[in-house]
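Here are the chains, one letter per residue:
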Amino acid sequence: MSIEVCAVWSAHSLTLVLVQHRPTVARKEEPNADLFTPAAVPESASQGALAYILHTSGTTGLPKTVRVPHKCIVPNILHLRSLFQMTPDDVVFLASPLTFDPSVVEIFLALSSGARLLIVPTVIKRMPNRLAHVLFKKHKTTVLQVTPTLLGRFGRRVLQEEVLSAGSSLRVLALGGEACPPLALLRSWRQQGNCTHIYNIYGITEVSCWACCYHLPESLLQSTDVTESSVPMGPPLMETTVEVRDEDGCVITQGEGQVFIGGMDRVCLLDDEATVAPGTMRSTGDWVQIRDTHLYYLGRRDRLVKRHGQRLHLDTLQQVVMKTAPSTRGLQKAILHRLSQLLPSHSVPDTLVLVPALPLSSHGKVSVGELMKIYQRQRAGSESHSALGDMETLRERLQSLWRETLGLTEDEAIQEDSNFLFSGGDSLQALRLCDDITTATGVTSPGLLAVILDGSFSEVLRHVATATLTFLSEHSWTSHPVAMKRPADPVSSAQPKRQHTDSYSTTAAEWPLGVVVSSVKKAVHCTVVRRAGEVVELGQSDSLMTNENSYSDSEGPIKRTRNTQEKGANESTESNHSQTFGSNKWTEHNHSQAVETNDPSPGSVTPPLREAGGLGLRVSWESDTGRCVDASPVLLVQRGADGASGGPRATVFIGSHSHRMQALDLTTGGLLWERVLGDRIESSSAVSRCGRLVVVGCYDGGVYFLCVESGETQWVFETGDAVKSCPTVDPLTGLVMVGSHDGHVYALDPQVQQCVWKRHCGCGAVFSSPCLHPSLRQLYVATLGGHLLCLNPDTGTVLWTYSRKTPFFSSPSCSSGHIIIGSVDGNICCFSHTGEMVWQYVTNGPVFSSPCITPDKQRVVCGSHDGCVYCLNCTDGSLVWSYQTPSRVYSSPCVFEGSAWGMEGTLVGLASTDGTLCVLDGEDGTLRASLSLLGELFSSPVVWERSLVVGCRNDFVYCVAPTGELK
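Residues numbered from 1 in each chain as written. Predicted model: local features only at pLDDT ≥ 70, side-chain atom pairs only at ≥ 80, totals over all residues. Heavy atoms only, no water.

We count it as follows: UniProt positions are given in the numbering used here, feature names are shortened, and annotations may be inferred rather than shown by experiment.
Per an unreviewed UniProt entry, the chain goes by the name Aminoadipate-semialdehyde dehydrogenase and belongs to Hucho hucho. The chain has a UniProt comment under Sequence similarities (unreviewed entry) that states "Belongs to the ATP-dependent AMP-binding enzyme family."

As structure tokens, then:
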């Protein structure tokens, strides 16, 4: 029989194949014959001449020697070449090692089609980020055959942004060698608009190479049906016979059984076999279920166990765990709870053990043996370990582990710039080193493996030191003389984090920072904390709820804006405004009336103050958003009707490039709700005047009004372009004002769901956030066209305009007598409320950072791309102090009261783009504490009491808290 592909119509998904039955006749070898046409195979080959010999890895049984004839492997290549519609324009990546038979398919798929075969050095294959760049940025790979575990090593972000992005060059993705990932996981890896064809291929080396192939239809990948989770194995490939037999050896068409593979010519010789009868069927050891004529993989027969007297497929359990694992790491309890809802009781594991990454065999499959060794080492290490606090001791220990893993002699020096892989290590050894470091230090660090694979020894040391010292300070600090013990099993990072969270919340409760203000008769209902130190207090007044346009001086909805009361031009009017109070306490020294703001609530305890140098930082919790986080967090603190004793609840609202908007518990980091919007989110959110809606802009041009409690959409207002501007809320009218890249500013009324007015700003998109002076009734808006406008917030009428030749990315900030904004030309500019330039200060780089005015209105703090943070005098723009950070400062600083952190005076929280968080002394700019996060920081930090929250471009939101000895 001969098979020839005559024509391919890609547009119609049609392939014309000519199948001819020919008698076997003697013929001469043609020197230029097509190597892959069966008619051209030499007579000796048709009688069983060998194409290659290899050994099985032993992952699915005892290792075997397999001798593969030409006539066994050629049908595989012919059929897959037709299914994949190979052309000379394709680029095939040689992902498999030559000891793994899928490499034969990869090589000859390319060569028989005239396509290019991409061969990458082994050391690059072990670096997922570099490999993705080589495959999809540099060489535009179109065909990738790989094991699911190896594909998963890229990580979700790289998979979505490069491998399976909307514009990916990858045309064919064939997953084989292991069970196909669940549909939910495959869907999460694909970016919307991706056109890659995904195939599930199945086979065994004993009948080299593949036996079945299933093309996942686009409708299945796009489906939201959660009941459809498993991927079929697909129909048999050319000249291949697949049977399912029950435990009695009978062929079945329904139910569960073992797969057998064979065919007249699909026969290989195993070990010492001299001959094999044509049509021999080989047992695979794989257990499947037949449903509606489709085969569904259940697991290895030798992984079929009995538990509590009932049969359990361990591989099936593994598939359920893969699609159940929540987006945030370390939530073993949540996973176990979810599994208990999906599985019968005998299938739910007793415990979950976290490892940095799955160890791989040389063929890219999960190495179960190595997993067992990791588990045994970590259990042994949990019985006795001592954390390494001394830097030199840590260095020596890491060097010893480094040498031991690479098999180096004790006297061989480890250079600071030594790279683990270039020193002779591989990914399996890197995983072993990661595990040994975890065992030695007793600290689990999620990013350690990536640093070992891509970084130098000094970077590994710095990473481990940061994680170790953070852990030590976290567990040594307590307000009670009680030793805090680590949980018995150090494998999990969730238990220490949860234990610390509980301790932290108790400590916070012992230090309430409520403030009594005599002029306020009703307790504060909500506090909103935003970037650049903005704190807004919302009241819950019945009159306000019934009449949105009424305004009460003593019980109005807004109790404080930007940490203090606003001074109007008329001092008598200003004196009637609500007083300053809240957990971040300030006194307006220039006000004519004395306001008591530092009296604690009854029963509160003032925290002891730290001396300089006693402050440290640690990560309290982290939350995975799926893509990088450029938006700044917004905090909403809700109290009961009886004030501080009612149990305040703090919520973090933040969006990311993954299109997700998350609500997180500030204390624990637990996910309260999550919404997927129409496009990525760079805008920071705002909270409506009633405190019931969170408002956020989106790249799809929508302004979303979501329910604070549930995340349900209440209203979406469509602008003409992307919305990156952060909304601002008018405390008098309740209008929400926001800019858009269509050049307009919109005033939206969420109560009646209408646009009250809109104003085109003349030139350029509105990237920055509007700033409202409520008592002067002036709204300040800046554009990328270099315009600064002053509008009437009630009508949108332009009161005055200032024009500059350079864009404004910075958002304006206003005080009683000034409007301050940064410019791309490097200037920090100050204007009067009538639009006249008062002063400008020149930095050495563009200013994207939004200024933060200190609560006493005397100073302004702002960052620059020159890496400096500047503190200037608001009156004349003179420099008070400056601080040089390690990198550019894109985000806005945050000035906050230091007493909650055990420090006297004010503190300044800031982030630089290299991932460094700094806390400075607000008086002189002295560094008080710093912490390096594993990603760039464009998000602005926000502080409430003892929590600093910031988004990171490594996909995570971090909550950071102070640590150290209390003096």
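Quick word on a nonpolar patch on the surface
Note the threshold: Patch construction takes residues with relative accessible area above 30% that form no salt bridge. Like charges are linked within 9 Å, and nonpolar side chains (Val, Leu, Ile, Met, Phe, Trp, Tyr) are linked within 5 Å. In short, Shrake-Rupley with a 1.4 Å probe defines the accessible areas, and a residue's cover is counted only from the protein chains shown. Should a side-chain nitrogen of Lys or Arg be within 4 Å of a carboxyl oxygen of Asp or Glu, the pair is scored as a salt bridge. Numbered from the N terminus, helices here are DSSP runs of H or I no shorter than four residues, and strands are runs of E no shorter than two.
A contiguous nonpolar patch, built from Val353, Val368, Met372 and Tyr375 and spanning about 320 Å² of accessible area, is present on the exposed surface. Tracing the backbone through its elements, the reader meets Met372 in helix 12 (residues 368-383).

What to know about helix 2 (residues 70-83)
To be explicit about the condition: Helix span, as expected, comes to 1.5 Å for every residue beyond the first. Under the scheme applied here, a residue whose accessible area is under 20% of the maximum for its type counts as buried, over 50% as exposed, and between as partly exposed, the area being computed with a 1.4 Å probe on protein chains only.
The end-to-end C-alpha distance of helix 2, which contains 14 residues, comes to 20 Å, matching closely the 20 Å that a straight helix rising 1.5 Å per residue would cover. Most of helix 2 is tucked away: 10 of the 14 residues are buried. Residues of helix 2 that are buried: Cys72, Ile73, Val74, Pro75, Asn76, Ile77, Leu78, Leu80, Arg81 and Ser82.

Notes on the pattern of salt bridges
Taken as a whole, this structure holds 22 salt bridges when the rule is applied. The partner of Arg777 in a salt bridge is Asp730, and the shortest N-O contact between them spans 2.6 Å. Separated by 47 residues along the polypeptide, Arg777 in the loop between strand 34 (771-773) and strand 35 (778-782) and Asp730 in the loop between strand 30 (728-729) and strand 31 (736-739) bring together distant segments of the chain. Judged by relative accessible area, Arg777 falls into the buried class, the value being 16%. Residue Asp730 is classed as buried on the basis of its relative accessible area, which comes to 0%.

Observations regarding the packing of helix 2 against helix 3 (residues 102-111)
Working note: a packed helix pair is described by the angle between its axes plus the distance between those axes. Short version of the rule: Axis geometry follows a simple rule: fit a line to the C-alpha atoms, using only the stretch in contact for helices, then measure angles between N-to-C directions, giving values from 0 to 180 degrees. For classification purposes, angles smaller than 35 degrees are called roughly parallel, those larger than 145 roughly antiparallel, those between 65 and 115 roughly perpendicular, and all remaining angles oblique. For a crossing to be left-handed, the near helix must be turned anticlockwise from the far one by less than a right angle; the clockwise case is right-handed. The criterion used for residue contact is that any of the two residues' heavy atoms lie within 4.5 Å. Residues are sorted three ways: Asp, Glu, Lys and Arg are charged, Ala, Val, Leu, Ile, Met, Phe, Trp, Tyr, Cys and Pro are nonpolar, and all the rest, Gly among them, are polar.
Here helix 2 crosses helix 3 at 55°, and the two axes come no closer than 10 Å. Our classification of the angle between helix 2 and helix 3 gives oblique. Helix 3 is crossed by helix 2, and the crossing has right-handed handedness. Counting all contacts with helix 2, which are made through Ile73, Ile77, Leu80 and Arg81, the residues of helix 3 involved are Val104, Val105, Phe108 and Leu109. Of the residues belonging to the contact of helix 2 with helix 3, the class tally is seven nonpolar, no polar and one charged.

Concerning the environment of His760
To keep things clear, this is the line we draw: Counted as a polar contact is a pair of N or O atoms within 3.5 Å, where, for protein atoms, one must be capable of donating a hydrogen and the other of accepting one, and residues adjacent in sequence contribute only when both atoms are in side chains.
Tracing the sequence through the fold places His760 in strand 33 (residues 754-760). Spatially, the C-alpha atoms of His760 and Val745 are 6.5 Å apart, while their sequence positions differ by 15 residues. Setting aside chain neighbours within four positions, we find His760 in contact with Asp742, Gly743 and His744. A distance of 3.1 Å separates a polar side-chain atom of His760 from the backbone nitrogen of Gly762.

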